Amino acid sequence: MAVVTSDNTDKLTSLTANMASASYHISNLLEKMTSSDKDFRFMATNDLMSELQKDSIKLDDDSERKVVKMILKLLEDKNGEVQNLAVKCLGPLVSKVKEYQVETIVDTLCTNMLADKEQLRDISSIGLKTVIGELPPASSGSALAASVCKKITGRLTSAIAKQEDVSVQLEALDIMADMLCRLGGLLVNFHPSILSCLLPQLTSPRLAVRKRTIIALGHLVMSCGNLVFVDLIEHLLSELSRNDSMSTTRTYIQCIAAISRQAGHRIGEYLEKIIPLVVKFCNIDDDELREYCIQAFESFVRRCPKEVYPHVGTVISICLKYLTYDPNYNYDDEDEDENAMDADGADEDYQGSDDEYSDDDDMSWKVRRAAAKCLDAVVSTRHEMLPEFYRTVSPALIARFKEREENVKADVFHAYLSLLKQTRPAQISGMSDISPSHRVLLQVPMIVKALHKQMKEKSVKTRQCCFNMLTELVNVLPGALTQHIPVLVPGIIFSLNDKSSSSNLKIDALSCLYVVLCNHQPQVFHPHALVPPVVACVGDPFYKITSEALLVSQQLVKVIRPLDQPERDTFDASPYITDLFTCTIKRLKAADIDQEVKERAISCMGQIICNLGDSLGDDLPGTLHIFLERLKNEITRLTTVKALTLIAGSTLKIDLRPILDEAVPILASFLRKNQRALKLSTLAALDILVKNYSDSVTPAMIDAVLAELPPLISESDMHVSQMVISFLTTLARVHPLSLAKIGGSSILSELISLVRSPLLQGGALSAMLEFFQALVGTGTSSLGYMDLLRMLTGPVYAQSAALTHKQSYYSIAKCVAALTRACPDEGPAVVGQFIQDVKNSRSTDSIRLLALLSLGEVGHTFLNKQKLKTVILDAFSSSSEEVKSAASYALGSIAVGNLPEYLPFVLGEISGQPKRQYLLLHSLKEIISSASVTGLKPYVEGVWTLLLKHCECAEEGTRNVVAECLGKLTLIDPETLLPRLKGYLLSGDFLKTLEDPDLNVRRVALVTFNSAAHNKPSLIRDLLDTVLPHLYNETKVRKELIREVEMGPFKHTVDDGLDIRKAAFECMYTLLDSCLDRLDIFEFLNHVEDGLKDHYDIKMLTFLMLARLSTLCPSAVLQRLDRLVEPLRATCTTKVKANSVKQEFEKQDELKRSAMRAVVALLTIPEAEKSPLMSEFQSQISSNPELAAIFENIQRDSSSANMESMDTS
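Here the structure is a predicted model, which is why all the values come from computation and not from measurement.

Draft legend 1. Here's a closer look at the overall build of the protein chain. A tally of helices and strands in the protein chain yields 61 helices and two strands. Element-wise, carbon and sulfur atoms account for 53% of the exposed surface of the protein chain, whose accessible area totals about 54600 Å².

This is the structure we're talking about:
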């Protein structure tokens, strides 16, 4: 014991010593602060600042008091710099001293804010802002923040109410807004008094006061209770109805817009009263008021999507009316005015702030700008109205591209861009009548005509808007501009050659040209002189322009000589080759240039050699040697490998001999590097080199590559393995001799173990089969048919190590079949051997399994007819399930090769052998899936009749197989069979199955619907209005389906409705991805909300939905936030009973994690944390160590996931 005590005493002593030394150091500083020399005071304050910023600093009460007193004194210092430093000290000081000291600081600052001296007032308000900024946020639940806020609030409200001194008022309003924004939730008790002090300021004679009051009210509505909110809205509505003076009416409209921007989810229910008033004020002849009204509409459209819905038509028509509202200007004589306009417009480059006019009294441009921005909001938020927009909004916007005021023009362009962007996703979902993209096509001539004039405007901003527009247009509709290239290309070249163009403009022009070149046929561009201006840009001193120009040059090379269309290659490229080559080689040789320029120069030169290499003559070998140098450099090697792959694949058969000797060993060494992209690109390069340059590739080169391959063949990276296998296949075909060595190396053993991997499937498996066929075809000794067969099947026969995974048997059987197809002479003997294996009573199940699967794979080419049937049918009675299913697969597979003999036999067996029905139906399914359509046609009727007989079978498993067979059969002759299949759904209508009295039918109908929504959304889009009510109906918990089951002494509740609810929620989740624009999101959220309180499985689904919804439609989720937070909170705070089983604890844990993921997703919505319930829940999380830990982990994961997705994009 004694030891411990002495240890503690030591700690205490050292702590006291630390405190003592700190307080000694600080008292020294305090003394210097009283010096008469301002430099001393400045340095001492600076030192104090750095002391306060240390985490380790501990002040005793006496030092605290002295420091606070001194800093407050220095705020009144004669020297401005000392004052500024003292204010900065307040930040760290607040978090280091005790609460009552903070209150002293706040008191003093509040008093000084009302002082006579202006400088002292200013510095005190900065001080208060600093203190508020340093207080812990409302969600941390700190008592300090609450008490400080309460202190300040009273003083501020009285300062705001005194109207003698405007500057004090403005500062106080500013601080109030700051405090409400950060800590509004702590001031709930003061909200009524804050409101009553702010409202009168809306009629202040000073506009600046009104403006800041509106900002403060905006922050107040985010956290205030409902009563305060109702008071505020009622006040604004009654004042607006009275409409005393234009000036206050403007302010009230601005205030409503601000509230809607900050708390749209609360103002929604009042829109019915607000919108008619705003519409009325639009008609008053007052430009400023009009601007504010239209801005209010914009905020309603963005923030209250549901409530504004009935009024969208009105809003659009008002915006279209005021988009062209320009009373002081006549647009008739366009051309004369254009030049006059330029002189005016030159100084209007920046966004006009509220006090700037282009014409001293002409305010109409602000109204037009507001209208354009409001249309932008409407277009961006209402996908479902696209067809309507293309009828009304699109032509109006195009007609306004001629707008004379540059800022307004930019917004008009932006609104049109939003319209095009909305059109992109809709292309996929095939809408009814004519698709939106078709509507765009109809408007292209109008757009081009409007842009043609603008592309030669003086204004840089206008031309940039034109390029953005063309780029987006081509992205929405590739090839749309084919007819208009002659009109547009000169406009693009104009900006590239224009001396006054800014760098950004040139970059935009080049990237626009690039997109246009990529998305149109090469012949369209042949008449235009595009090469000279682009070549000039490659030589530009600014690296970003060079880089963009090299990208365009690479595309131009493909345009002047399109290798993929040799029959249409009539264009003479020779005049341009020298220029393109010279400008690119200059950049390729330069060592001291930007990384991106290096890479693009390599890619561009690769393209030049690939498409024009036959015209380069003596320049070619030298250029290839530069590539060799770039291959040795770590930074440029990946790009060079890709360029070499391009050149090696060229149809011009470029001579690569000068560099092959050196290049291949370097490439081989890349296979060792720990950079996956490099490995994949190198394997592709080697593959094409071996294919096209087999006569120049020496055995030594190949050995160097083969030595690197074994480590790359593994199940941990199937893609790399697949590339290796393809390379080996190429080698076997063009260099058969080189494969003699692979038997001795570990390559073959790695390949054989990969065949046994359960992960081998798809592309990698096909590559493996091709490889074995190529290998056995080389006739290499010790790698003949029987050798390979033994290697593949050895382990199964050795019985030493049974293969753990069933998939391995399937892969081996496929390889055996591939070998046998390559060596047909060996077939009969092998089939005979397999038949013996199946019949032999001493064979293990694994041997039988492999033999049956191999028979299935090989059987339909090598048939011992009679024997096979009996052998396979005998296997149906095996005791092993796996052998039985292999036998049914084999029977089906063999039948595919010989339908006339086997199909009638299988059908007969199905009818005659009720016990084996399930297996025989599986054979039938294999036949229907794999046989050719023409082969099956004659048998369709017979099969159909037989299947229908078994529809009513008692076994659900059998019914499911019958259903699969019917579905696959229908695809063979859909014209005849689909109507028939519909006929069997009693009413012939899928929708009726959703109302079927049988629970299971409804569940299967929902599963079908989900699959359709997932794979073919266009089938169901137009049915949603009828289906959704049934779908939502199935999400409700039904009491009558819950029953109690007695299990011995315990009672256990079973909910028979759970599965169908789960199916319904799964459908809802799918619809979010495929049919979002057809959902009423608020109705949807009602059911999500119910799901949050449902059973474990359904909660998990709805948590995922919430996360998805937070990104897809944040404003709607925000409106419902309070109702959504409650169930999340309940989940996170539920305790599991102490005596529960382990699974219960694990389930609850998983639920908490999932709920937290939803919370983190909700918090990505910008205004979410300002909701009082949400911030309360956050403080609950941070005060509970377990929840806090989960929360932090998830936040970390989600932010790193975002980083990764940015990388991959």
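Draft legend 2. Representation of the pairing of strand 2 (residues 1050-1055). The pairing of strand 1 (residues 1042-1047) with strand 2 spans six bridges and is classified as antiparallel. Residue pairing in the sheet places valine 1045 in a bridge with histidine 1052 of strand 2. Linkage of strand 1 to strand 2, two consecutive antiparallel strands, is achieved through a turn of two residues, within which glycine 1048 is found at a positive phi near 60°.

Draft legend 3. Expanded view of the packing of aromatic side chains. In total, this model carries seven aromatic pairs according to the counting rule given. Judged by centre distance (5.6 Å) and plane angle (80°), the rings of tyrosine 322 and tyrosine 325 are edge-to-face. Overall, the relative accessible area of 4% leaves tyrosine 322 in the buried class. Overall, the relative accessible area of 17% leaves tyrosine 325 in the buried class. Cation over ring: arginine 266 sits above phenylalanine 229, and NZ or CZ is 4.7 Å from the ring centre. Residue placement shows arginine 637 over the ring face of phenylalanine 670; its charged tip is 5.5 Å from the ring centre.

Draft legend 4. Representation of the packing of helix 11 (residues 226-242) against helix 12 (residues 246-267). Between helix 11 and helix 12, the least distance of the axes is 11 Å, while the angle of their chain directions is 150°. As the angle between them shows, helix 11 and helix 12 are arranged roughly antiparallel. Regarding helix 11 and helix 12, the two cross each other, and that crossing is left-handed. Seen from helix 11, the contacting residues are Asn226, Phe229, Leu232, Ile233, His235, Leu236, Glu239 and Leu240; seen from helix 12, they are Thr249, Tyr252, Ile253, Cys255, Ile256, Ile259, Arg266 and Ile267. The residue inventory of the contact of helix 11 with helix 12, partitioned by class, reads eleven nonpolar, three polar and two charged.

Draft legend 5. Fine view of the packing of helix 27 (residues 543-560) against helix 28 (residues 574-589). The interhelical angle for the contact between helix 27 and helix 28, taken along N-to-C directions, is 145°, at an axis separation of 11 Å. Read as a crossing pair, helix 27 and helix 28 show a hand that is left-handed. Together, Thr546, Leu550, Ser553, Val557 and Ile560 of helix 27 and Tyr576, Leu580, Thr584 and Arg587 of helix 28 make up the contact between the two elements. In terms of residue class, the contact of helix 27 with helix 28 is built from five nonpolar, three polar and one charged.

Draft legend 6. Looking closely at the nonpolar core. Membership of the largest hydrophobic core comes to 336 residues, with the highest contact counts inside it found for Phe300, Phe401, Tyr416, Phe627 and Leu709. Of all the elements, helix 8 (residues 166-183) adds the most residues to this core, at eleven residues. Apart from residues lying up to four places away in sequence, leucine 709 is in contact with Leu671, Leu683, Val724, Phe727, Leu728 and Ile747.

Draft legend 7. Here's a closer look at the pattern of salt bridges. Taken as a whole, this structure holds 42 salt bridges when the rule is applied. Here arginine 400 and glutamate 403 are joined by a salt bridge, their closest N and O atoms 2.7 Å apart. Here the salt bridges share partners, and the residues they tie into one network are Asp326, Arg368, Arg400, Glu403 and Arg404.

Draft legend 8. Up close: unusual backbone geometry. Non-glycine residue lysine 653 carries a positive phi angle of around 50°. Along the polypeptide, lysine 653 turns up in the loop between helix 31 (637-648) and helix 32 (657-670). The exposure class assigned to lysine 653 is exposed, which follows from its relative accessible area of 61%.

Draft legend 9. Structural detail: the confidence of the model for the protein chain. Taken as a whole, the protein chain shows an average pLDDT of 80; of its residues, 88% reach a score of 70 or greater. Here helix 17 (residues 334-345) stands out as the element of the protein chain with the lowest mean pLDDT, 42, in contrast to helix 16 (residues 312-323), whose mean of 92 is the highest.

Draft legend 10. Highlighting the environment of alanine 1155. The residue alanine 1155 is located in helix 59 (residues 1142-1162) in this model. When the C-alpha atoms of alanine 1155 and arginine 1129 are compared, they prove to be 8.3 Å apart, with 26 residues separating the residues in sequence. Setting aside residues no more than four positions away along its own chain, alanine 1155 makes contact with Phe1103, Leu1128, Thr1131 and Cys1132.

Draft legend 11. Spotlight on helix 13 (residues 271-282). The terminal C-alpha atoms of helix 13 lie 16 Å apart, and with twelve residues this matches the ideal 16 Å at 1.5 Å per residue to within 8%. Among the residues making up helix 13, those that are buried are Leu271, Ile274, Ile275, Leu277, Val278, Phe281 and Cys282. When helix 13 is viewed along its axis, its buried side chains cluster within an angular range of 165° and face the same direction. Turning to helix 13, the residues buried within the fold contact helix 11, helix 12, helix 14 (287-303), helix 15 (305-308) and helix 16.

Rules and cut-offs
Residues numbered from 1 in each chain as written. Predicted model: local features only at pLDDT ≥ 70, side-chain atom pairs only at ≥ 80, totals over all residues. Heavy atoms only, no water. Helix = DSSP H or I, 4+ residues; strand = E, 2+ residues; numbered from the N terminus. Areas by Shrake-Rupley, 256 points an atom, 1.4 Å probe, with all protein chains shown as cover. Pairing = 2+ DSSP bridges. Phe/Tyr/Trp six-rings, centres within 6.5 Å; stacked < 30°, edge-to-face > 60°. Buried < 20%, exposed > 50% of the residue type's maximum accessible area, 1.4 Å probe, protein only. Lys NZ or Arg CZ within 6 Å of the ring centre and 35° of its normal. Axes fitted to C-alpha atoms, helices over the stretch in contact; angles between N-to-C directions. Parallel < 35°, antiparallel > 145°, perpendicular 65-115°, else oblique. Left-handed = near helix turned anticlockwise from the far one by under 90°. Contact = heavy atoms within 4.5 Å. Nonpolar A, V, L, I, M, F, W, Y, C, P; charged D, E, K, R; others polar. Core = buried A, V, L, I, M, F, W, Y, C linked by side-chain atoms within 4.5 Å. Salt bridge = Lys/Arg side-chain N within 4 Å of Asp/Glu carboxyl O. pLDDT = per-residue confidence, 0-100. Expected span 1.5 Å × (residues − 1). Arc of directions from axis to C-beta.

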